[in-house]
Amino acid sequence: MRVLIIEDDPTIAANLYDFLETRGHTVDAAGDGVTGLHLAVTQPFDAIVLDLGLPGMDGNTLCRKLREEARVDTPVLMLTARDTLDDKLAGFEHGADDYLVKPFALREVEARLLALHKRRTGRTTARALQVGDLTLDPGTLAIQFSGTQIRLPRKCIQLLETLMTHAGNVVSRAELENSVWGEAQETSDTLRSHMHVLRRALRTAGGYDPIETIHAIGYRLLAGDGRRSSR
Ligand code: CA
């Protein structure tokens, strides 16, 4: 893989750089957001490791510019020192695909990057899914709800894809976590925060939320019209 590291801490950057290069990847690095954004826009990368706290332009701003202005969809793994739900949510809303909280294991970084890359390259031939007012094209990752185009972080798209594949049926939290992260998560925060972003985006676009919470079990995407008066 060709990986871009955008990190201002020289020790962390050097550790990441050396590890990924030793593992056979081609690595570029930038120590600030402006340089990082320039590299990310002008050169092809398979994945980007992006520190949230950067001088000049922070990780969230960089990610938003990358997605919304430059229209670059290279998978982004966000590194954050601040383990709060708010920061994670902000990262996802700005287009990060996954995150790791510092300190992290270098192998974990590589595993996440490989998973992001594989997911991106593996979904180019599948056909579009449709449930009620919702359509999702797994090739382009384009989502429409009630005729409105929605942009979502990749993990939220995967959640939606899993729910759409099982439309009308309850999907347990463990099943959802497995389908998106490859394993059940230690706490329910990760799934919950992604569901929150997904449902809010749906509600904003279509005027209602077609996902039902099944208390203590999981979630269900309502099949057919799916319009509900509550929630
Ligand atoms: Ca930093």
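Rules and cut-offs
Residues numbered from 1 in each chain as written. Predicted model: local features only at pLDDT ≥ 70, side-chain atom pairs only at ≥ 80, totals over all residues. Heavy atoms only, no water. Helix = DSSP H or I, 4+ residues; strand = E, 2+ residues; numbered from the N terminus. Rg over C-alpha atoms; globule rule 2.2 N^0.38 Å. Buried < 20%, exposed > 50% of the residue type's maximum accessible area, 1.4 Å probe, protein only. Areas by Shrake-Rupley, 256 points an atom, 1.4 Å probe, with all protein chains shown as cover. Lys, Arg positive; Asp, Glu negative; His and termini not counted. Charge placed at Lys NZ, Arg CZ, Asp CG, Glu CD. Salt bridge = Lys/Arg side-chain N within 4 Å of Asp/Glu carboxyl O. Domains from an automatic or database assignment. Contact = heavy atoms within 4.5 Å. Buried area = accessible area lost by both parts, 1.4 Å probe. Polar contact = N/O pair within 3.5 Å; in protein donor to acceptor, adjacent residues only side chain to side chain. Nonpolar A, V, L, I, M, F, W, Y, C, P; charged D, E, K, R; others polar. Donors = N, O, S within 2.8 Å, 3.2 Å for Na, K, Ca; no water. Pairing = 2+ DSSP bridges. Axes fitted to C-alpha atoms, helices over the stretch in contact; angles between N-to-C directions.

(A) Examining the overall build of the protein chain more closely. For the protein chain, the helix and strand inventory stands at eight helices and 12 strands. For 231 residues, the compact-globule formula gives about 17 Å, and the C-alpha radius of gyration of the protein chain, at 18 Å, lands near that figure. Projected onto its principal axes, the C-alpha positions of the protein chain cover 50 × 35 × 30 Å. Put simply, the protein chain has 231 residues, and 48% of those count as buried. Total accessible area computed for the protein chain in this model is approximately 10,800 Å², and 48% of it derives from carbon and sulfur atoms. Charged side chains in the protein chain number 28 positive and 32 negative. The centres of these two groups are separated by 6 Å.

(B) The pattern of salt bridges, seen in detail. Throughout the structure, instances matching the rule amount to 14 salt bridges. The partner of Arg112 in a salt bridge is Asp98, with the nearest N and O atoms 3.1 Å apart. One end of the pair, Arg112, is in helix H5 (residues 106-122); the other, Asp98, is in strand E5 (residues 98-101), and 14 residues separate them in sequence. Asp209 is the partner of Arg203 in a salt bridge, and the nearest nitrogen-oxygen pair spans 3.6 Å. What makes Arg203 partly exposed here is its relative accessible area of 36%. Among the charged side chains, a network of salt bridges with common partners joins Asp98, Glu108, Arg112 and Lys155.

(C) Representation of the domain arrangement of the protein chain in the model. Taken as a whole, the protein chain is organised into domain 1 (2-122) and domain 2 (129-221). On the domain 2 side, the residues contacting the 14 residues of domain 1 number 14 residues. Between domain 1 and domain 2 the total buried area reaches about 1,300 Å² when both faces are included, carbon and sulfur atoms providing 51% of it. Where domain 1 meets domain 2, there are four residue pairs in polar contact (both at pLDDT 80 or more). Among the elements of the structure, helix H4 (85-93), E5 and H5 are those that each provide at least two residues to the side of domain 1 that touches domain 2. The dominant element in the side of domain 1 that touches domain 2, judged by the number of residues it contributes, is H4, at four residues. Here the residues of the side of domain 1 that touches domain 2 are counted per class, giving six nonpolar, no polar and eight charged.

(D) Structural context of the coordination of the calcium ion. For the calcium ion, the full set of protein donor atoms is Asp8 (OD), Asp51 (OD) and Gly53 (O), and the range of their distances to it is 2.1 to 2.3 Å. Read N to C, the donor residues that coordinate the calcium ion are spaced as D-x42-D-x1-G. Of the two residues, Asp8 is situated in the loop between strand E1 (2-6) and helix H1 (10-22) and Asp51 in strand E3 (residues 47-51); the sequence distance between them amounts to 43 residues. Accessibility expressed as a relative area gives 34% for Asp8, which makes it partly exposed.

(E) Spatial organisation of the sheet that holds E1. If you trace the five strands from one edge of the open sheet to the other, you get E2-E1-E3-E4-E5, paired in parallel fashion. In the strand order of this sheet, the two ends are held by strand E2 (26-30) and E5, each with one partner. Neighbouring strand axes in the sheet, compared pairwise and without regard to direction, differ in orientation by 20° on average.

(F) Examining unusual backbone geometry more closely. Residues Lys102 and Pro103 are joined by a peptide bond in cis, for which omega reads 0°. Along the chain, Pro103 falls in the loop between E5 and H5. Of note in this structure, Arg71 is not a glycine but carries a positive phi near 60°. Following the sequence through the fold, Arg71 ends up in the loop between helix H3 (59-69) and strand E4 (76-80). Judged by relative accessible area, which is 56%, Arg71 ranks as exposed.

(G) Focus on the side chain of Arg67. Here Arg67 is to be found in helix H3. For Arg67, a relative accessible area of 6% translates into the label buried. From its side chain, Arg67 meets the backbone oxygen of Val72 in a polar contact 2.9 Å long. In this structure the side chain of Arg67 is engaged in a polar contact, spanning 2.8 Å, whose partner is the backbone oxygen of Thr74. Not counting residues up to four positions away in its chain, the partners in contact with Arg67 are Val72, Asp73, Thr74, Pro75, Val76, His94, Gly95, Asp97 and Arg151.

(H) Fine view of the environment of Leu66. Mapped onto the fold, Leu66 is located in helix H3. Sequence separation of Leu66 and Gly95 is 29 residues, and the distance between their C-alpha atoms is 8.5 Å. Excluding residues that lie within four positions of it along the chain, Leu66 makes contacts with Leu37, Ala40, Val41, Ile48, Arg71, Val72 and Val76.

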